[in-house]
Amino acid sequence: MRQPPNQLTGLVMQVLGEYRTEDRGLLSKLLEQLAKGTMSGELKVLIVQLLLVQLDSLHPSRRGEAWVGQALYWLGQLDHESARSVFQRVLTEKRFLFFKAWPEECRTQVERMV
C-alpha cells in the first residue's frame, strides 16, 4: 500500500496532537521539504523517533486506532532498521499467554514489510 507524502504530514500532526509552539520547527521542515519532494536524513530521524516513542508508549487499548497502522507503514518506509524492534513486538507480543496483543491490521501491515 503506497501512501503519498501528504499522509505523512497528517500522521505527524495527529501524533503530535494539540499544536505546541515547540513543534513548529518540525512541522515547518516537514511541509517545506515535502513540497520540494525531498526529505533530509535529519528530518527522517526526527519523524522516526517521534513515531517510535509514540508506539512504544501506546496503551494497548489504543492499538486499533487508524493512525497506528499508518505509523507502522511510515516507519518501514523511513527507517526499516530502526523499526525492527517495534515490528517484532507487533508480530509476536501476546496477552494472556496466547492471544495476539496487536490488532490484525497492524500485524498484516508489518508482515508486508518484513
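Quick notes on the rules
Residues numbered from 1 in each chain as written. Predicted model: local features only at pLDDT ≥ 70, side-chain atom pairs only at ≥ 80, totals over all residues. Heavy atoms only, no water. Helix = DSSP H or I, 4+ residues; strand = E, 2+ residues; numbered from the N terminus. Rg over C-alpha atoms; globule rule 2.2 N^0.38 Å. Axes fitted to C-alpha atoms, helices over the stretch in contact; angles between N-to-C directions. Parallel < 35°, antiparallel > 145°, perpendicular 65-115°, else oblique. Left-handed = near helix turned anticlockwise from the far one by under 90°. Contact = heavy atoms within 4.5 Å. Nonpolar A, V, L, I, M, F, W, Y, C, P; charged D, E, K, R; others polar. Patch = residues over 30% accessible without salt bridge, like charges linked within 9 Å, V, L, I, M, F, W, Y side chains within 5 Å. Areas by Shrake-Rupley, 256 points an atom, 1.4 Å probe, with all protein chains shown as cover. Salt bridge = Lys/Arg side-chain N within 4 Å of Asp/Glu carboxyl O. Core = buried A, V, L, I, M, F, W, Y, C linked by side-chain atoms within 4.5 Å. Buried < 20%, exposed > 50% of the residue type's maximum accessible area, 1.4 Å probe, protein only.

A. Looking closely at the overall build of the protein chain. Within the protein chain one finds five helices and two strands. For the protein chain, the N- to C-terminal ordering of α and β elements is α-α-α-α-β-β-α. A globule of 114 residues ought to have a C-alpha radius of gyration of about 13 Å, and the protein chain, at 14 Å, matches this closely. With respect to the principal axes defined by its C-alpha atoms, the protein chain has extents near 45 × 30 × 20 Å.

B. Inspection of the packing of helix α2 (residues 24–36) against helix α3 (residues 41–56) at higher detail. Relative orientation of the contacting elements α2 and α3 amounts to 125°, with a least axis distance of 11 Å. On the basis of the axis angle, α2 is oblique to α3. α3 is crossed by α2, and the crossing has left-handed handedness. Residues L26, K29, L30 and Q33 of α2 form the contact with α3, whose own contacting residues are E42, L43, L46, I47 and L50. Residues that form the contact of α2 with α3 fall into these classes: six nonpolar, one polar and two charged.

C. Focus on a nonpolar patch on the surface. Among the surface-exposed residues, F96, L97, F98 and F99 lie close enough to one another that they form a single nonpolar patch of about 550 Å² accessible area. Within the element layout of this structure, L97 appears in the loop between β1 (94–95) and β2 (99–100).

D. Structural view of the nonpolar core. In terms of nonpolar packing, the biggest core is built from 34 residues, with L8, V12, I47, L55 and L72 touching the most fellow members. Elements with a contribution of two residues or more to this core: α1 (5–16), α2, α3, α4 (66–92) and α5 (104–113). Per-element accounting of this core gives the leading share, 12 residues, to α4.

E. Summary view of unusual backbone geometry. Even without glycine at this site, F96 takes up a positive phi of about 55°. With respect to the helices and strands, the residue F96 is situated in the loop between β1 and β2. Look at F96 and you get exposed, because its relative accessible area is 62%. Of note, L97 is a non-glycine position whose phi angle comes to about 75°, a positive value. Overall, L97 belongs to the exposed group, its relative accessible area being 80%.

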